[in-house]
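For reference, the chains in residue letters:
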Amino acid sequence: MSTSNQTDSYDVDQIQVLEGLEAVRKRPGMYIGTTGPRGLHHLVYEVVDNSIDEALAGFCSHIENDINEDGSVSVTDDGRGIPTDIHPKTNKSALETVLTVLHAGGKFGGGGYKVSGGLHGVGISVVNALSEWVDATVWRKGNIHTQRYERGRAVTPLEAKPDADHSTGTSISFMPDNTIFTETTNFEYNLLSNRLRELAYLNAGVKITFSDRRVTPHRIETYCYEGGIREYVTYMTRDKETLHPDIIYVEGEKKGVQLEVALQWCIDAYSDTILGFANNIRTVDGGTHLEGLKTVLTRTLNSVARKRNKIKENESNLAGENVREGLTAVISVKVPEPEFEGQTKTKLGNSEVRGIVDSLVGEVLNEYLDFNPQVGDTIIEKALQAFRAAEAARRARELVRRKSVLESSLLPGKLADCSSRDPSESEIYLVEGDSAGGSAKQGRDRRFQAILPLRGKILNIEKTDDAKIYKNNEIQSLITALGLGIKGEEFDPSQLRYHNIVIMTDADVDGSHIRTLLLTFFYRYQRALVEQGYIYIACPPLYKLERGKNHSYCYSDQDLQEKIAQFPANANYHIQRFKGLGEMMPVQLWDTTMNPETRRMKRIEIEDAAEADRIFTILMGDRVAPRREFIETHGPRLNLTELDV
Ligand code: 0RA
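Keep in mind that what you see is a predicted model, and the values were worked out from it rather than measured. Per-chain numbering applies: the sequence of each chain, read as written, is numbered from 1 onward. The model is predicted, so local features are restricted to residues of pLDDT at least 70 and side-chain atom pairs to those at 80 or more, both for listing and for counting; the totals for chains, interfaces and linings are taken over all residues. Side-chain numbers here rest on the full set of heavy atoms in the structure, without hydrogens or water.

1. Observations regarding the nonpolar core
Logical step 1: By nonpolar core is meant a set of buried Ala, Val, Leu, Ile, Met, Phe, Trp, Tyr and Cys residues that side-chain atoms within 4.5 Å join together. Only protein chains enter the accessibility calculation, which uses a 1.4 Å probe; a residue is then buried when its area is under 20% of its type maximum, exposed when over 50%, and partly exposed in between. Leu130, Phe174, Phe187, Ile208, Tyr223 and Val330 are the most contacted members of the largest nonpolar core, which totals 58 residues.
Logical step 2: The helix and strand labels rest on DSSP assignments: H or I over at least four residues marks a helix, E over at least two residues marks a strand, and numbering proceeds from the N terminus. Here this core takes 8 residues from helix α3 (residues 37-56), the largest share from any one element.
Logical step 3: Here, two residues are considered to be in contact whenever any of their heavy atoms come within 4.5 Å of each other. Aside from chain neighbours lying at most four places away, what touches Phe174 is Leu43, Val44, Val47, Ser72, Val73, Val127, Ser131, Trp133, Val134 and Phe187.
Logical step 4: The next biggest cluster of nonpolar side chains, apart from the first, holds 41 residues, and it includes Ile311, Ile331, Phe340 and Ile356.

Written as structure tokens, this is what we have:
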């Protein structure tokens, strides 16, 4: 009786197994999200996760990943090896169970919990189901065990041969099934290497190697970080100036939740970069671990600031974003039963994690700031600066807003407006200096061309300070003249008073400087203007070339040389070099630079403005090293304007 029962239940198990893997093949999306490239790469992560778990359990120190010549992938570790003994009830080895029974993996988690979760953690059987073939090799107890599977089914019995080498480990090789992954079965090196590097940062001391054997010579990389997420933060801040010498590091465990946090504030950073992970999965949409971290940072730094009388009794607290200004951080939690929320399942939902992070980080951070008072002071000082800047920016914004509400019809006095009220045919020239402004006013077609003279030196905006920018008179004139809103407000093209915004500056160092400032302003404060192609640079000529009664204008040195080369050898000619726009007669300015029929203009692309922003940061920033480097590489050309045609 009992024997036949066993047989029955075995058959039933067999049927369930086949139905399970058949379900995976029928609806792969349910298990791996997509059958596109993302899902394909998922297969690798799924297999690697099992080896990572073995490493986290303390039994594995090296995981080797290979893209083989035929495009298959092998993941090999030096762990204990997946058990190969036959279970009397199912008549199957643990290996075969893990590979063929949906969700069986967790049961073999070695007593602890399986760390992989969320997107991954569906189990290695899913990889088996979606592979044309899988070759499993286990080194264990002096034997080498092998078994082959095709589309989820074992096609050979588990074979054991004595192994002279008594080391242990597991190797899983698989070829993705091209009838499932119809789009592509081609693994992308960079995608895999990024994830493997990330895993090495997240699991300190685990050595991960990665090779691509599809290319000759083979490409091989090794990732191993003894410092774990601390090294990750060091890497992310490599180009920045740190505010404290050591990374602040928190490690702990509470109620089965493991936590690691690495924090580094930098002087020359004005936003924050915080990467969150739960069970080795990047939680792009945040969640309770990040909430806990943000809360405890804000509370701890406010309390220290009050204790040290940096914030007076009647003053308000620092806001979270003030405290985080300049912070680079990685937080990694390992949760026994993770709940992943949201459309993409990349937000950690476990509510108990919030308090655990709060209390573990709070303890360490308080102690750290007690022992390193000067570090605490500099962090608080930076947060206070951020706070004051935000306050000033808010007041300045209100000022601008009030102005534009109360005096909406009151355009800046310096603006020589055009008569047209149709923005689509109107142009505004932003001109450097009053004298060039004068020429432009006389030379323009007042019907559709407006002129706004700006004083370059006054425009010189320091650093990244919003408040100063809004207080700047020239910027306020510019904002009102254009009819623009302010930073952060959505761009409303119907408010824009001119559809061509033309920056017209001298072709010298100062001119190029002002152009950089203006482009940076547009890039930071109303990027949509650049993106939607409203910004132009006027191209005034550098020379007037006269020969007899004829004359022409040259827009570059090369242009000049070419024109001269066409003259007979003995020709008499005269070259006039324009040192600035102010030197041109109004009619010359019209003919050469402003007349839509004959002028040249360069429309600014977003990359130009981004480059201006980068140059601006380097030229204006506090840091000497990149500035020197920049001047050394770009110095001689800077005069000739990085951004011109
Ligand atoms: C559970 C128990 C044991 C090994 C493993 C899991 C294991 C699984 C995988 C998956 C990939 N590599 C792996 N390495 C090990 C063995 C327990 C024992 O030997 O006592």
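2. Quick look at the sheet that holds strand β22 (residues 535-538)
Logical step 1: At least two bridges found by DSSP between two strands are what make those strands a pair. Overall, mixed pairing links the 5 strands, which are arranged β20-β19-β21-β22-β26 in an open sheet. Strands with a single pairing partner mark the edges of an open sheet, and in this sheet they are β20 (449-454) and β26 (601-603). With direction set aside, neighbouring strand axes in the sheet form an average angle of 25 degrees.
Logical step 2: Note that strand β21 (residues 500-504) and β22 share 3 bridges and pair parallel. Paired with Ile503 across the strands is Ile537, a residue of β22. A fitted line through C-alpha atoms represents every axis, and for helices the fit uses only the stretch in contact; the resulting angles, taken between N-to-C directions, go from 0 to 180 degrees.

3. Describing the pairing of strand β16 (residues 327-334)
In summary, the side chains of a regular strand alternate between the two faces of the sheet.
Logical step 1: Across the 8 residues that make up β16, a large majority, 8, are buried.
Logical step 2: Going residue by residue along β16, you find Leu327, Ala329, Ile331 and Val333 tucked away on one face and Thr328, Val330, Ser332 and Lys334 tucked away on the opposite face as well.
Logical step 3: Where strand β13 (residues 257-265) and β16 come together, 8 bridges link them in antiparallel fashion. Paired with Gln264 across the bridge in β16 is Thr328.
Logical step 4: Taken together, the 6 bridges between strand β14 (residues 273-278) and β16 define a ladder with parallel strand orientation. From the neighbouring strand, Leu275 faces β16, where its bridge partner is Val330.

4. Regarding the packing of α3 against helix α6 (residues 189-202)
Logical step 1: Between α3 and α6, whose axes approach to 11 Å, the crossing angle comes to 25 degrees. Viewed along their axes, α3 and α6 adopt a mutual orientation that is roughly parallel. The two elements α3 and α6 cross, and the hand of that crossing is right-handed. From α3, His41, Val44, Tyr45, Val48, Asp49 and Ile52 reach across to α6, where they touch Leu191, Leu192, Arg195, Leu196 and Leu199. Any angle from 65 to 115 degrees is called roughly perpendicular, while one under 35 is roughly parallel, one over 145 is roughly antiparallel, and all others are oblique. Here a crossing is called left-handed whenever its near helix is offset anticlockwise from the far helix by less than a right angle, and right-handed whenever the offset is clockwise.

5. Remarks on the pairing of strand β9 (residues 169-176)
Logical step 1: Of all 8 residues making up β9, 8 are buried, and the element is well covered by its neighbours.
Logical step 2: Side-chain alternation along β9 places Gly169, Ser171, Ser173 and Met175 on one buried face and Thr170, Ile172, Phe174 and Pro176 on a second face that is also buried.
Logical step 3: Two strands pair when backbone bridges link them, and strand β2 (residues 73-77) and β9 are joined in this way by 5 bridges, in the antiparallel orientation. Following the sheet pairing, Ser74 is matched in β9 by Ser173.
Logical step 4: Note: strand β5 (residues 131-140) against β9, 8 bridges, orientation antiparallel.

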